[in-house]
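Now for the letters of each chain:
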Amino acid sequence: MSTTTKSKSVLWDWLTTVDHKKIGVMYLIAGTLFFVKAGVMALFMRIQLMYPEMNFLSGQTFNEFITMHGTIMLFLAATPLLFAFMNFIVPLQIGARDVAFPFVNALGFWIFFFGGFLLSLSWFFGGGPDAGWTAYVPLSSRDYAGLGLDFYVLGLQVSGIGTLVSAINFLVTIVNMRAPGMTMMRLPLFVWTTFISSTLILFAFTPLAAGLALLMLDRLFEAQYFITDMGGNVVLWQHIFWIFGHPEVYILVLPAFGIISEVIPAFSRKRLFGYTAMVFATMLIAFLGFMVWAHHMFTVGMGPIANSIFAIATMTIAVPTGIKVFNWLFTMWGGKITFNTAMLFASSFVPTFVLGGVTGVMLAMAPVDHLYHDTYFVVAHFHYIIVGGIVLALFAGVFYWYPKMFGHKLNEGLGKLFFWVFFIGFHLTFFVQHLLGLMGMPRRVYTFLGDQGLDTFNFISTIGTFFMSAAIIILVINVIYSAFKGERVGADPWDARTLEWATAHPLPEYNFAQTPQVRSLDPLFYEKIHGDGKMKPAEPLQDIHMPNGSILPFIMSVGLFISGFGFIMFNMENPILPPIVVAVGGLAITFICMIVRSVKEDHGYHIPVEEIKAKEVN
Amino acid sequence: MADNLSQPFSKSAMTEEEKVQFQREKKQQVVAFVLMIFLTLLAFLAVAADFLPVMFVIPFILLLALVQFVLQMFYFMHLKDNDHGWANAFIWSGVFIAIPTIAALMLLLGITKY
Ligand code: HEM
Ligand SMILES: [Cu+2]
């Protein structure tokens, strides 16, 4: 059995990899591509809304852009970008060699990727879905929506499987793979939030899968769950969607909280204030997140009692969220703060997120929501949470973990320029949208009339979008520039506190030559104070057992992709092949791979001690 | 050391005690399985038999469903095992979240206005 790396093509290496670090990088790349795609759509939509009665996009295209922008941003950009960090960082932070099921990890990525690809194919088959990212029936029923919506249903169904699979993997990893001494109450907060967010995925993506299945049955096989003429119920879809949809917001924002809780202590040179309170606040937010979905439906006519219950339940979430905000502030209080780019993003996250939270409480007042509902006020609110919360946290994470992932820092000067252009652009774009909303500009309209007091603010909002686009270009320049000229750094460039910075440099495929012994919260910092600055090993240096790569996850995902496409063919005018053949054929590919995987024995390979010693020296 | 990995084990890695435990568990599962088939049959018969009043059949099969659920959880999802703490925690939090959610959903959909 060979131990040295066989020289294979780079492409093959990445297609078959089961290494959590490479999968993390693939999530980062795929998520970025989708982010740019949805971002360009946002830019086009804002250009269309720059002046009254513009003719830049048609109404139909605008609707398709709105739907695809929202869907892609949430499912194919924000989630995978967070998954990128979870994959790369979580095993390092808990002192593990890899995730619990490396094969399944690769599978999760490829299924997500091909699900997203399937959704994107809609452009080549008569246009994207156009019923909004919420796909409310009857707008999304077969009477009103074309093929695009079938791509929405099956694309999300497939990529949702990928998300579920990865989430379960994270849960098992965090439960089972922690280094000796790493108790649950010593987990870094990013690991905690990953854990809780994965639990939310487990409980929230299942209702989504069920809802999408019902919608698929309605659209493809003439079922009538949501067809009122036949006794179906349209409000049922809204409930199922938001039982998933509201927790989805927390699935995204909790890991963002986690990133902030790592960055702020690192650059304040203090331990996180109120660790235990932070953990329990996260759990409480997650639990309450499930019980408030109907606040999206105040205007449906649920009646005053139901409205009041959901309004109050929603407002209670402000309590644990407030605990978190104050703990971040107390962490910075009296700290020796370094304002580099990562810290700029992390510290500006706090007030921005609070603004989004305040408008959230305003929207939670059921009677007042009748005023705000479906106006730009709502658009402003959720973009303050999503861009001002999640995206700022993601950028903080990029600048913080970049040296660990790629071995060099991003340029600080360009980074700060990027931060200011983005931050100013963001507030320009979205702050005025609150005012537009209060003046009555409805959401999801492709144009507006002049001289109604909406002209100036819409113009300002679009200018802000240009700023943000420029900022992203600066970031791209920064990435390219730093790849050549970036400061090459060692294993621990920030003098940080957690385990990922205790690994060798460059990061070997087995992460830790010897599993570390954890003696405290912030283990690396503890060793810097009480030990010799290095982690104590928990085991002797010995051969390391690693899993082999495999092409099966890729083929299985292609199978699911083909099957999903086959289902869509049921609604096509002249399918070249009988749809059922394609749908079943695709599933067969996946199942055959599963059988191969179960029958064929694959014991992985060993890295001998001499090789490890050679790597650890430099 | 790397090479003997591809060879099959010569004997079972389980201790005698574990083997006994395993046998007992197997027996319990078979019994639970037979019992569940019996319960399913009972439910089917209750619905198929014309002479039973509907007002009896509905609560009756709901009761059977509950028993089945408990059997399923305890014997096949390992809720009875002490060393399955995490699996237990997850299943119970699932139940803890699903019950109020489903109850609220039924109220909101079933009764027109509340
Ligand atoms: C950063 C620049 C962004 C800009 C300029 C922007 C712009 C827009 C615009 C113009 C709309 C349509 C509003 C309407 O008429 O209802 C919209 C909707 C939406 N955006 Fe963004 N957006 C941005 C980022 C994001 C991000 C990062 C996310 C999520 C991760 C996101 C999620 C959504 C969602 C969910 C909708 C609702 C779509 C729907 O109504 O179906 N946006 N955005
Ligand atoms: Cu909500």
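Described in the following lines is the structure provided in the data block. (Residues numbered from 1 in each chain as written. Chains lettered and ligands numbered in written order. Predicted model: local features only at pLDDT ≥ 70, side-chain atom pairs only at ≥ 80, totals over all residues. Heavy atoms only, no water.)

**Details of the overall build of chain A**
(1) Moving on: Each helix and strand in chain A was counted, giving 19 helices and four strands.
(2) Moving on: Against the globule reference of 25 Å for 618 residues, chain A gives a C-alpha radius of gyration of 25 Å, in line with a compact fold.
(3) Moving on: With the principal axes as the frame, chain A shows a C-alpha extent of 70 × 60 × 50 Å.
(4) Moving on: Taking the contacts inside chain A whose residues are at least 6 apart along the sequence as the reference set, 82% of them involve residues at least 24 apart.
(5) Moving on: For chain A, the exposed area adds up to about 23,600 Å²; of that, 70% sits on carbon and sulfur atoms.
(6) Moving on: A distance of 11 Å separates the average location of the 32 positive side-chain charges in chain A from that of its 34 negative side-chain charges. (Helix = DSSP H or I, 4+ residues; strand = E, 2+ residues; numbered from the N terminus. Rg over C-alpha atoms; globule rule 2.2 N^0.38 Å. Contact = heavy atoms within 4.5 Å. Areas by Shrake-Rupley, 256 points an atom, 1.4 Å probe, with all protein chains shown as cover. Lys, Arg positive; Asp, Glu negative; His and termini not counted. Charge placed at Lys NZ, Arg CZ, Asp CG, Glu CD.)

**What to know about the overall build of chain B**
(1) Moving on: The helix and strand inventory of chain B stands at three helices and zero strands.
(2) Moving on: The burial tally for chain B puts 18% of its 114 residues in the buried class.
(3) Moving on: For chain B, contacts bridging at least 24 residues in sequence account for 49% of all contacts bridging at least 6.
(4) Moving on: A total accessible area of about 8,900 Å² is found for chain B, and carbon and sulfur atoms account for 73% of it. (Buried < 20%, exposed > 50% of the residue type's maximum accessible area, 1.4 Å probe, protein only.)

**Structural notes on the pattern of salt bridges**
Residues and elements named next belong to chain A.
(1) Moving on: In this structure the tally under the stated criterion is 13 salt bridges over all chains.
(2) Moving on: With a closest N to O distance of 2.9 Å, R269 and D495 form a salt bridge. Pair noted here: R269 is in the loop between helix 7 (234–268) and helix 8 (275–290) and D495 is in the loop between helix 15 (455–485) and strand 1 (516–517), with a separation of 226 residues, a long-range link.
(3) Moving on: When its relative accessible area of 38% is taken as the criterion, D495 is described as partly exposed.
(4) Moving on: Here D495 and K528 are joined by a salt bridge, their closest N and O atoms 2.7 Å apart. Residue D495 is located in the loop between helix 15 and strand 1, and its partner K528 is located in helix 16 (residues 523–530); the two are separated by 33 residues in the primary sequence. (Salt bridge = Lys/Arg side-chain N within 4 Å of Asp/Glu carboxyl O.)

**Thoughts on the coordination of the iron atom of ligand 1**
All names here are of chain A.
(1) Moving on: Surrounding the iron atom of ligand 1 are the protein donor atoms H69 (NE2) and H383 (NE2), which sit 2.0 Å from the metal.
(2) Moving on: Coordination at the iron atom of ligand 1 is octahedral: its six donor atoms span angles of 88 to 180 degrees at the metal. Pair noted here: H69 is in helix 3 (residues 59–93) and H383 is in helix 13 (residues 376–406), with a separation of 314 residues, a long-range link. As far as burial versus exposure is concerned, H69 and H383 are alike and both buried. (Donors = N, O, S within 2.8 Å, 3.2 Å for Na, K, Ca; no water. Tetrahedral: all angles 85-135°; square planar, octahedral: opposite > 155°, others 65-115°.)

**Details of the environment of V18(A)**
Residues and elements named next belong to chain A.
(1) Moving on: Within the fold, V18 resides in the loop between helix 1 (10–16) and helix 2 (20–48).
(2) Moving on: Along the backbone, V18 and P553 are 535 residues apart, and their C-alpha atoms lie at a distance of 9.3 Å.
(3) Moving on: Once residues within four sequence positions are removed from consideration, V18 is found in contact with I23, D98, P102, F103, A106, P547, N548, G549 and S550.

**Description of the coordination of the copper ion (ligand 2)**
All names here are of chain A.
(1) Moving on: Around the copper ion (ligand 2), the protein contributes the donor atoms H246 (ND1), H295 (NE2) and H296 (NE2), at 1.7 to 2.0 Å from the metal centre.
(2) Moving on: Between consecutive donors of the copper ion (ligand 2), the numbers of intervening residues give the motif H-x48-H-H. Residue H246 is found in helix 7, and its partner H295 is found in the loop between helix 8 and helix 9 (304–316); the two are separated by 49 residues along the sequence.
(3) Moving on: The class for H295 is buried, based on a relative accessible area of 14%.

**Section: the side chain of D218(A)**
All names here are of chain A.
(1) Moving on: Relative to the helices and strands, D218 is located in helix 6 (residues 189–221).
(2) Moving on: The buried charged residue D218 lacks any salt bridge partner; its closest oppositely charged side chain belongs to R142, at an N-O distance of 8.7 Å.
(3) Moving on: From its side chain, D218 meets the backbone nitrogen of Y225 in a polar contact 2.9 Å long.
(4) Moving on: Polar side-chain contacts of D218 include one of 2.9 Å to the backbone nitrogen of F226.
(5) Moving on: In contact with D218, other than residues within four places in its own chain, are R142, A223, Q224, Y225, F226 and I227. (Polar contact = N/O pair within 3.5 Å; in protein donor to acceptor, adjacent residues only side chain to side chain.)

**Topic: the interface of chain A and chain B**
(1) Moving on: Between chain A and chain B, the contact holds 28 residues from the first and 19 residues from the second.
(2) Moving on: In this assembly, chain A packs against chain B so that about 2,100 Å² is buried in total across both faces, 82% of it on carbon and sulfur atoms.
(3) Moving on: For the pair chain A and chain B, the number of links is zero residue pairs in polar contact (both at pLDDT 80 or more).
(4) Moving on: Contributions of two or more residues to the side of chain A that touches chain B are made by helix 5 (147–176), helix 6, helix 7, helix 8 and helix 9 of chain A. (Buried area = accessible area lost by both parts, 1.4 Å probe.)

**A short note on the site of ligand 1**
Residue and element names in this part refer to chain A.
(1) Moving on: With respect to spatial proximity, 22 residues lie near ligand 1, and among them H69, W133, H383, R443 and R444 are the closest.
(2) Moving on: Measuring from an oxygen atom of ligand 1, one finds a side-chain N or O atom of R443 at 3.1 Å.
(3) Moving on: Within the side chain of R444, an N or O atom sits 2.6 Å from an oxygen atom of ligand 1.
(4) Moving on: If you list the elements that add at least two residues to the shell around ligand 1, you get helix 2, helix 3, helix 13 and helix 15.
(5) Moving on: Residue contributions to the shell around ligand 1 peak at seven residues, all from helix 13.
(6) Moving on: Its residues placed into classes, the shell around ligand 1 shows 15 nonpolar, five polar and two charged. (Near = heavy atom within 4 Å. Nonpolar A, V, L, I, M, F, W, Y, C, P; charged D, E, K, R; others polar.)

**Overview of the nonpolar core**
Residue and element names in this part refer to chain A.
(1) Moving on: Residues W328, Y400, F418 and F422 are the most contacted members of the largest nonpolar core, which totals 201 residues.
(2) Moving on: Ignoring sequence-local partners within four residues, the contact set of F422 consists of V387, V391, L392, F395, M468, A471 and I472.
(3) Moving on: Within the second largest apolar cluster, seven residues are counted, among which are Y510, I544, I607 and I612. (Core = buried A, V, L, I, M, F, W, Y, C linked by side-chain atoms within 4.5 Å.)

**Quick look at the packing of helix 7 of chain A against helix 10 (residues 318–332) of chain A**
Residue and element names in this part refer to chain A.
(1) Moving on: Close contact between helix 7 and helix 10 brings their axes to 9 Å; oriented N to C, the two are set at 20 degrees. Taken as axis vectors, helix 7 and helix 10 run roughly parallel relative to one another. Handedness of the crossing formed by helix 7 with helix 10: left-handed. Two secondary-structure elements touch here, helix 7 through F257, I260, S261, I264, P265 and S268 and helix 10 through T321, K324, W328, T331 and M332.
(2) Moving on: Considered class by class, the residues forming the contact of helix 7 with helix 10 number six nonpolar, four polar and one charged. (Axes fitted to C-alpha atoms, helices over the stretch in contact; angles between N-to-C directions. Parallel < 35°, antiparallel > 145°, perpendicular 65-115°, else oblique. Left-handed = near helix turned anticlockwise from the far one by under 90°.)

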